[in-house]
Amino acid sequence: MNKYILLILLLTTISCNNKSKKSSKIKKETSEIDLLIDSVVTKMVNDTLINSTSIGVYYNEKEYINHFGELEKGKGNTPNNKTIYEIGSLSKIFTGTIVANAVLERRINVDDEINKYLNEEYPNLSYLNQPIKIKHLLTHTSGFPNMLPFELNPILSDFLNYDTPLKINEVLENYNKSKFFKDIHSIKIDTIPGFNYSYSSAGTELTAHILEEIYKTNYEDLLINFLSEKIGMKNTKITLNKYEITNLAVGYHTDNSTITSAMGKLPWGASGNIKSTIPDMMKFVKYQLANNDIVLESHRPLIQFNKKFGLSYFWNIDSSNEKLGKQYFHHGGVPRAQSYIYIIPKYNLGVFIITNQSGKNTANKMKEVLNQIFDKIILETK
């Protein structure tokens, strides 16, 4: 299982007093969860690289939202509920949720061949007469490369280089849907689809096209309408207007003290360009614990690599921790932000955490915070 989690993690600071400052003081009736969050997150924000963190915890029908640190070094601008974050690859689970809804509406079947939804012939999208299917895109087993255009893959392999964000944006500046479909002709599938795990944002982008084909509407419009109508999320989208851009969190790449520009847009943006606020993400967390038909379908395993690790509609499913039970999770990262979402039904628990710094150890530091929160809740429920 570890190799899969490592793949996910790879693909995807002033005085201590100022850095631990919160956007709002702890309420008078401070809960143990509030105190726990304050304790463990403050330690992380006091790290020399981590400037700020926002976290939302939903546990036993109660929501806890906290903001720490400062978005810009030395400016004291603590994030708040209006702060808009780039959630990176967490975008994929929104795309997967919409696909799950489409399956329930009988517009699509996960066993459909993807060629059914393409507007020209792609004989290269099969291996030994075994075609790529929708479920292979959803579980990163299609054989697609990580990124299209192909030029992005060597750039991302040197992610920690200071020039990486600039190089990514230079490549994406003139890249569009027509070039994406042209590049698909050059993909070489070298094993039977559904057999090997190989993380692919390109596969998620193609999934967005398929959604456009079956709903006959633009992917972002589909996303906004679905999230607004089904979940009540009004501040989650890909394209920001002039006012919203002023609330977009700045961020830092690796240990570079210079603010990094926002990541350029992929053809559809479904794999890594969605932006959201903490309150909206908490609505999504609560929705994931509601166990309605769409959620149940989106959590349904489509592939099981072993007894402990599987994948559903872009969700990673981890059953390795007997105490926590089954966990649905995803990591997100862009050159200036990293995030995690965890859904743990056994404890009616969900967590979203994000920081505006993206470096080699950022994900591990967030995981340490989450593990301490999870351990404490387990002790409380014994």
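Since this is a predicted model, take the numbers as computed values, not measurements.

Right, let's talk about the pattern of salt bridges for a bit. Tallying each qualifying case throughout the model produces 10 salt bridges. The partner of E105 in a salt bridge is R107, with the nearest N and O atoms 2.8 Å apart. Relative accessible area serves as the criterion here: at 41%, R107 is assigned to the partly exposed category. A salt bridge links K135 to D111, with the nearest nitrogen and oxygen atoms 2.8 Å apart. Of this pair, K135 sits in helix α5 (residues 134–138) while D111 sits in the loop between α4 (91–104) and β4 (126–127); the two residues are 24 residues apart in sequence, bridging distant segments of the chain. Since its relative accessible area comes to 24%, K135 is described here as partly exposed.

Further remarks concern the sheet that holds strand β7 (residues 259–260). Here three strands make up an open sheet; going across it, the order is β7-β6-β15 and the pairing mixed. Where the open sheet ends on each side, the last strands, each with one partner, are β7 and β15 (357–358). One ladder, built from two bridges, connects strand β6 (residues 251–253) with β7; its direction is antiparallel. Its bridge partner being in β7, Y252 is matched across the sheet by I259.

Moving on, we get to the confidence of the model for the protein. With 92% of its residues at a pLDDT of 70 or more, the protein has an overall mean of 92. Here residues 1–28 is a poorly scored stretch, pLDDT under 50, and it has 69 contacts once near neighbours within four places are set aside; other chains count.

Okay, helix α12 (residues 278–288) next. Side chains three or four residues apart in an α-helix point the same way, a direct result of the helix having 3.6 residues per turn. With eight of 11 residues buried, α12 lies mostly within the body of the structure. By the burial criterion, the buried members of α12 are I278, D280, M281, M282, F284, V285, Y287 and Q288. Its side-chain oxygen placed 3.3 Å from the backbone nitrogen of D280, T277 serves as the N-cap of α12.

Here we have eight strands laid out as an open sheet, ordered β2-β1-β14-β13-β12-β11-β10-β9, and antiparallel in their pairing. Each edge of the open sheet is held by one strand with a lone partner, namely β2 (62–69) and β9 (303–304). One ladder, built from seven bridges, connects strand β12 (residues 327–334) with strand β13 (residues 337–344); its direction is antiparallel. Bridge pairing in β13 links H331 to Y340.

What follows covers the packing of aromatic side chains. As enumerated under the stated definition, the model contains nine aromatic pairs in all. The interplanar angle of 80 degrees and the centroid separation of 5.1 Å between the aromatic rings of F180 and W268 together place this pair among those described as edge-to-face. Of the two residues, F180 sits in helix α8 (residues 177–184) while W268 sits in the loop between β7 and β8 (275–276), which places them 88 residues apart along the sequence. Among the residues examined, F180 registers a relative accessible area of 0% and is labelled buried. Note on F329 and Y342: the rings are 5.2 Å apart at their centroids and 10 degrees apart in plane angle, and the pair reads as stacked. Taken together, the positions of F329 in strand β12 and Y342 in strand β13 put the pair 13 residues apart, joining distant regions of the chain.

The next point concerns the nonpolar core. Counting 69 residues, the largest nonpolar core has L206, Y219 and I341 as its most contacted members. Those residues within four positions of Y219 in sequence are excluded, and the remaining contacts are T95, I98, A208, L211, E212, I238, W268, A270 and I274. Judged by nonpolar contacts, the second largest core, of 36 residues, contains I33, Y59, I344 and V369.

On to the environment of T141. Along the chain, the position of T141 falls in the loop between α5 and α6 (152–157). Classification of T141 as buried rests on a relative accessible area of 2%. Remark: the alpha-carbon pair of T141 and N241, spanning 100 residues in sequence, is separated by 36 Å. When near neighbours in sequence (up to four residues on either side) are disregarded, T141 contacts K135, H136, P193, G194, F195, N196, Y197, I303 and F305. Polar contacts involving the side chain of T141 include one to the side chain of T139, which spans 2.9 Å.

About the criteria used
Residues numbered from 1 in each chain as written. Predicted model: local features only at pLDDT ≥ 70, side-chain atom pairs only at ≥ 80, totals over all residues. Heavy atoms only, no water. Salt bridge = Lys/Arg side-chain N within 4 Å of Asp/Glu carboxyl O. Buried < 20%, exposed > 50% of the residue type's maximum accessible area, 1.4 Å probe, protein only. Helix = DSSP H or I, 4+ residues; strand = E, 2+ residues; numbered from the N terminus. Pairing = 2+ DSSP bridges. pLDDT = per-residue confidence, 0-100. Contact = heavy atoms within 4.5 Å. Polar contact = N/O pair within 3.5 Å; in protein donor to acceptor, adjacent residues only side chain to side chain. Phe/Tyr/Trp six-rings, centres within 6.5 Å; stacked < 30°, edge-to-face > 60°. Core = buried A, V, L, I, M, F, W, Y, C linked by side-chain atoms within 4.5 Å.

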